[in-house]
Amino acid sequence: ILNQWKKRVRQHSINCSRKGLGAHNVPATHANAPNKKSFVSVDFSANGLLGLDATYLKVVPNIKTLNLNNNNLTNLPKSLNKLKQLNNIYLAGNQITVFDVSKLSGSWSIRTLDLRQNKIAEIRTQNPYDVQLTYLSLRNNELTHLYTGVFAKFTKLQKLYLQNNKINVLRD
């Protein structure tokens, strides 16, 4: 049974981890796959990516997990809100300097967001919508202050990790 499960998971996952894709060279490797809408997980970790093209994400519209750990992304990809079934986003170990909550606007299904080990020094919260995250990791970033109510729109948040930042001021 375990082997059948592993085979089924493998068939519904795209693993492009450590493929040396670099820059914006995300391949449309699986564009002609017969069951492309059944993919649930995409892993582009450790490729040196600078961005993620929305046209590629159209190929895998139903993914639930997107792993972009250990690339060279400087912000949350704008195309994330196109993935209506996305639950988990892993962006650890990139070069992100600002966590702009508005990039999650329209992404009602996202529950897990891992932004640890980036260079985040600012959290922008101009988003008028409630954020549905239940897990948010901002560990090992460069946050030095938090504004009162910065997480007020995170109405479902259960786990928030802020360890290893340099937070010394809470501001109004």
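My aim in this report is to walk through the structure given alongside it, one point at a time. (Residues numbered from 1 in each chain as written. Predicted model: local features only at pLDDT ≥ 70, side-chain atom pairs only at ≥ 80, totals over all residues. Heavy atoms only, no water.)

### What about the nonpolar core?
Residues Leu66, Phe99 and Leu115 are the most contacted members of the largest nonpolar core, which totals 39 residues. Ignoring any residue separated from it by four or fewer positions in sequence, one finds Leu115 in contact with Leu76, Leu91, Ile96, Phe99, Ile120, Leu136, Ser137, Leu138, Arg139 and Asn141. (Core = buried A, V, L, I, M, F, W, Y, C linked by side-chain atoms within 4.5 Å. Buried < 20%, exposed > 50% of the residue type's maximum accessible area, 1.4 Å probe, protein only. Contact = heavy atoms within 4.5 Å.)

### Let's talk about unusual backbone geometry
Even without a glycine there, the phi angle at Asn70 is positive, about 55 degrees. Mapped onto the fold, Asn70 is located in the loop between strand E3 (65–67) and strand E4 (88–90). Using a relative accessible area of 45% as the deciding quantity, one classes Asn70 as partly exposed. Non-glycine residue Asn164 carries a positive phi angle of around 60 degrees. One can find Asn164 in the loop between strand E10 (159–161) and strand E11 (169–171). Residue Asn164 is classed as exposed on the basis of its relative accessible area of 58%. (Helix = DSSP H or I, 4+ residues; strand = E, 2+ residues; numbered from the N terminus.)

### Brief notes about the layout of surface pockets
Approximately 160 Å³ is the volume attributed to the largest pocket. Across the lining of the largest pocket, the residue classes tally to 6 nonpolar, 3 polar and 2 charged. (1 Å grid on protein atoms, 1.4 Å probe; cavity = no way out; pocket = protein on both sides within 12 Å on 5 of 7 lines; lining within 4 Å. Points joined across faces, edges and corners; volume = space filled by probe spheres on them. Nonpolar A, V, L, I, M, F, W, Y, C, P; charged D, E, K, R; others polar.)

### Some thoughts on the pattern of salt bridges
One pass over the full model with this rule turns up 2 salt bridges. Close ionic contact of Asp114 with Arg116 constitutes a salt bridge, the shortest N to O distance being 2.8 Å. In this structure Asp114 comes out as buried when scored by relative accessible area, which is 4%. (Salt bridge = Lys/Arg side-chain N within 4 Å of Asp/Glu carboxyl O.)

### A closer look at the environment of Tyr147
Looking at the secondary structure, you find Tyr147 in strand E9 (residues 145–147). Overall, the relative accessible area of 41% leaves Tyr147 in the partly exposed class.

### Re the packing of aromatic side chains
Across all of its chains, the model carries 3 aromatic pairs by this definition. Ring geometry for Phe99 against Phe154: centres 6.5 Å apart, planes inclined by 65 degrees, an arrangement best described as edge-to-face. Of this pair, Phe99 sits in strand E5 (residues 98–100) while Phe154 sits in the loop between E9 and E10, and the two are 55 residues apart along the sequence. Ring plane angle 80 degrees and centroid distance 5.4 Å describe the contact between Phe151 and Phe154, whose orientation is recorded as edge-to-face. Each member of the pair Phe151 and Phe154 is classed as buried. (Phe/Tyr/Trp six-rings, centres within 6.5 Å; stacked < 30°, edge-to-face > 60°.)

### Section: the sheet that holds strand E6 (residues 112–114)
Backbone hydrogen bonds hold the strands of a sheet together, and the pairing may be parallel or antiparallel. Taken in spatial order, the 7 strands of this open sheet run E1-E2-E3-E4-E6-E8-E10, and their pairing is parallel. This sheet does not close on itself; its edge strands, each paired only once, are strand E1 (13–15) and E10. Pairs of neighbouring strands in the sheet enclose a mean axial angle of 5 degrees, with direction left out of account. Sheet analysis places E6 next to strand E8 (residues 135–137), joined by 3 bridges and oriented parallel. Looking at E8, one finds that Asp114 is bridged to Ser137. (Pairing = 2+ DSSP bridges. Axes fitted to C-alpha atoms, helices over the stretch in contact; angles between N-to-C directions.)

### Observations concerning the environment of Leu143
With respect to the element layout, Leu143 can be found in the loop between E8 and E9. In sequence terms Leu143 and Asn164 are 21 residues apart; their C-alpha atoms lie 9.0 Å from each other. Ignoring sequence-local partners within four residues, the contact set of Leu143 consists of Ile120, Ala121, Glu122, Ile123, Leu138, Leu162, Asn165, Lys166 and Ile167.

### Let's talk about the environment of Asn62
Checked against the element boundaries, Asn62 lands in the loop between helix H2 (54–57) and E3. Judged by relative accessible area, which is 21%, Asn62 ranks as partly exposed. Here the alpha-carbon distance between Asn62 and Ser41, two residues 21 residues apart in the chain, equals 8.9 Å.

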